Amino acid sequence: TGPMSLECLGSLLRITLSVEYFEEKYFSLFVIDQSGTAWELDEAMAAQCGYTITYTTWRSIEFCASALSCHSHLEKDVFTVTIQIKASHTPDMSNATTLLKSASCHYGPWSPRELICQSNYMEVSVRREVPQTIKDFVQDNPEDWTCVFPEAKAEEGSIWQIVFHQPEEKRALLVSNAWSAGYGLNTTDSRVLLRVPYTAAQVQLVEVGVLLLAQQAVRLCRSNQMPSLQDQGITFSVLRSSTFYKYQWVILMVDTAVACPVDGVDYINKTIIWTVPKHIPPLSAGVNSFKDVLVEAGVDLRKLSAKEMASRKYVLLNELKAITMKIPIGAEGGYYKTSVSNGQFGVKYAINLFLEHQWEDNKWRLTKHTIIKEIETPFEQAEVAITSNLNLSARLMNVTVGTFLPDVELVNLTIEGVAVTVPEAVQHGYLIHRSRYSNGSKAYVIEVPLDAPSVKKEYTREDMRAYTLNVTLTFIAYPSSETFVIPVIVLSAVKDAVLPSARGFCDGRNLHLIITRGNVDQNWLPFISDWHVTQESAQNYNYILRDNGTHLAISVPFLSPHVSYEGFHTSAIKASFYLTLKDGITLAQRRDFSVSCVFSPSELIQCLPNGTVIITAIKLVGGEDLDTALLVLRDRQCKPSLVTEKTATFKFNVNTCGTSRKFNSTTVTYENEVLYFRPGNDTPMYQLKFLCSYAVKQTADVRYEPKKSPPPSIKPGFGCLALSLKLFKEKSYSEPYQESEYPVVKYLTEALYFEVELLQPKDARLDLNLHDCWATNSQSQDSLPQWHILMHGCPNNKDSYRTVFHKVNYSLRVKFPQHLQRFEVRMFTFVQDASLSQE
């Protein structure tokens, strides 16, 4: 109980150090000899002195000592072992806590020869027998053996030499040299002991054959193989030796050969099969009679009855030439442990089997052979379950990783390429705790705020954002200290996107657009068509661009290359400016904004007092094929002095370029026209008439008006027209909504993309023009209220968001662009009695 518990298991004492007390502590283990001296244990000393230290998968520690270990006190049939443990929270063992434990076990009777095969050493102890004739013989003047053999000790019955029998030679070592080589030698009043580490230089690997059973031989015959019995080789770790010691004036020799199986384990059909030969030649030298006395087996040094084995589905076969144990993988008594292979996480099934075989022969009478075999099944890769859920109210991502066996610990996380420990992860916003289950397994739960810097946020559609957690977890498996990593990638979609919104206005000379940023446009960039607008590039056009992180504002002059002119009347010119926000990485189009204003035509003409006239002609939307460089005045030799893609500026005197004049009593009026002729055609396709009026004695006001091109020759007639009105999903007009998708749900200010098409007749001479378009809140086109979207072919100037026409180009689907009209309307709702209508 408490930090340590003990068990007496035959000739072995086991002390278990509890996991609760020693977890996350550094410790040192000492054994105390009979004089009170403390000896710190390491691997070499443990193998030489008869100790085994095992770190179990549950992170507890097991200390096992042989009855004849170096520091045990043996009195009659009771052996006593004393250990000391120092435990500390720091590697330098400062402020260590010291625990002392002394335990005694009874063991007897001893067999003439006993062999133990532990995981780290082999041990053989044999009875010291002195012939009766030697005991009765008395010599009056005994020789001084230390003079004859200086290496012999003076004490009666001391071991002083061991001879190893190698295939090529015999090699003798003095006791001191054998100890230096790692061997453990000892004598008691009744026994001689030799303990051999598996790594000792004189240890040999010998293959011991097991004759195939008769039924196996029959199967071989049926399969046309050689029917003769064959040996199934099992490798043993063997040391052949003789130990010499003196008794009074004679030297006695005992056979201290020892052999332990190294392999003999197979895995067939989810079953562990452990085979141990009965007849082991190194242990049977000089033997010509053999008789089984006892075969017992168990787990963890505990013997199991036949009933207990049956309940666990163990099978123990005591056959003629071999003893076989069959253990189903996963059976009670074993346990699963975490394993790592090539960095991959997996499991193994482990079981600590125990086999005791006693036999009689004509040489030793009774031999007891105890074999402790730690068996692990081959590595089996395992999948790690990763589950996640979203706590929207707390804006937390909860990720559960596991389950894992108790021998696994999470040691660090790699966040954005930086490895941090579990405590340090808190600084990144990560909260980690373990979830333990009743069977001892556990899982790790990671809580990460959605707004943590390491959580990637990406706008997906409408009001949705995708949150991606990408973290790599590093685990360690005990006691091997092997590590493996588990990448965790969790994606959550949250309806929390706030899209940027905009308002536009104009002053006398500029169009202004102010965009209020949302929470999805941190990486969105302003574009005008395919031109990325930056502060530096905007200055080239005298544009003003400002961005303070929350608002993006741009101002462009009325006469600018990126302003579109969509309507021209005597008293007003409609000008529009379009801005698009695009994804800074993919350049995908994210959001479109525009501002439209009406300007006075006087902005396009200057009548200077000295008779100089500066006139700017503009190209309207729909006249893309007009080349502004070919615009002329009445005198076709008068060409523009400044040309842009959309404007042409003329500067001339009123007495030139074919300017006409009219007089009345108070004013003189000069008149000219801007004209556009197609090559080879003398009928102008474009006419813009302008006037400059001067008072007789002072400058006068200015009239500026367009003159429509001469109407084409039209003959009235009658016929059937087939038309369609469709609603499209995007500005590209590539995918219309299908009937099954109606009603289409849209939110306020979202864009609707309409297309009207003349289906029949397919006559290239026909142009489709839209006159009036209005919306109602029912399916009846005559119901009230109504709101006009187009009036007399123009957008309703009372709209907060003006209807926008889109150019129709020739494509595989569009054979006659003049047969289609496309326009964009922003979603709105009707207001009745100061309340919003839900339709």
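Just above, that's the structure.
Residues numbered from 1 in each chain as written. Predicted model: local features only at pLDDT ≥ 70, side-chain atom pairs only at ≥ 80, totals over all residues. Heavy atoms only, no water.

(A) How the structure looks around the pairing of strand S42 (residues 524–528). The element S42 is extensively covered by neighbouring structure, given that 4 of its 5 residues are classed as buried. Pairing analysis gives 4 bridges linking S42 to strand S47 (residues 573–583), with the strands arranged antiparallel. Within S47, the position partnered with Trp-524 by the bridge is Asp-583. Inspection of the sheet shows S42 paired to strand S43 (residues 531–532) by 2 bridges, in the antiparallel sense. Bridge assignment links Phe-527 to a residue of S43, and that residue is His-532. (Buried < 20%, exposed > 50% of the residue type's maximum accessible area, 1.4 Å probe, protein only. Helix = DSSP H or I, 4+ residues; strand = E, 2+ residues; numbered from the N terminus. Pairing = 2+ DSSP bridges.)

(B) Structural detail: the nonpolar core. Membership of the largest hydrophobic core comes to 57 residues, with the highest contact counts inside it found for Tyr-183, Val-196, Ile-327 and Ile-351. Sort the elements by how many residues they give to this core and strand S28 (residues 344–361) lands first, with 5 residues. With residues near it in sequence (within four places) discarded, Tyr-183 still touches Gln-48, Phe-164, Ala-178, Leu-194, Arg-195, Val-196, Pro-197, Ala-200, Ala-201, Gln-202 and Leu-239. Grouped together as the second largest cluster of nonpolar side chains are 54 residues, Leu-545, Phe-558, Ala-575 and Phe-690 included. (Core = buried A, V, L, I, M, F, W, Y, C linked by side-chain atoms within 4.5 Å. Contact = heavy atoms within 4.5 Å.)

(C) Molecular detail of empty space enclosed by the protein. A full pass over the atoms with the stated rule returns 2 cavities of 30 Å³ or more. Computed from the structure, the largest cavity encloses a volume of approximately 40 Å³. Around the largest cavity sit Ser-11, Leu-68, Trp-110, Glu-114, Leu-115, Ile-116, Glu-123 and Ser-125, which together line it. At the level of secondary structure, the elements contributing two or more residues to the lining of the largest cavity comprise strand S10 (113–117) and strand S11 (121–127). (1 Å grid on protein atoms, 1.4 Å probe; cavity = no way out; pocket = protein on both sides within 12 Å on 5 of 7 lines; lining within 4 Å. Points joined across faces, edges and corners; volume = space filled by probe spheres on them.)

(D) Structural view of the sheet that holds strand S50 (residues 612–618). With antiparallel pairing, 4 strands are arranged side by side in an open sheet as S49-S50-S52-S51. Strand pairing shows two members of the sheet lacking a second neighbour, strand S49 (605–607) and strand S51 (642–643), which therefore form its edges. Here S50 pairs with strand S52 (residues 647–653) via 7 bridges, running antiparallel. Residue Ala-617 lies in a different strand from S52, and its bridge partner there is Ala-648.

(E) Expanded view of the pattern of salt bridges. In this structure the tally under the stated criterion is 34 salt bridges. Residues Asp-530 and Lys-582 are paired through a salt bridge, measuring 3.4 Å at the closest nitrogen-oxygen approach. Of this pair, Asp-530 sits in the loop between S42 and S43 while Lys-582 sits in strand S47, and the two are 52 residues apart along the sequence. Residue Asp-625 is joined to Arg-678 by a salt bridge in which the shortest nitrogen-to-oxygen separation is 3.2 Å. Here Asp-625 is found in the loop between S50 and S51, whereas its partner Arg-678 is found in the loop between strand S54 (667–676) and strand S55 (686–695), with 53 residues between them in sequence. Accessibility expressed as a relative area gives 36% for Arg-678, which makes it partly exposed. Taken together, the shared-partner salt bridges connect Arg-395, Asp-451, Arg-465 and Asp-496 into one network. (Salt bridge = Lys/Arg side-chain N within 4 Å of Asp/Glu carboxyl O.)

(F) Geometry of the pairing of strand S25 (residues 315–318). Pairing of S25 with strand S26 (residues 322–328) involves 4 bridges; the strand directions are antiparallel. Paired with Leu-317 across the bridge in S26 is Thr-324.

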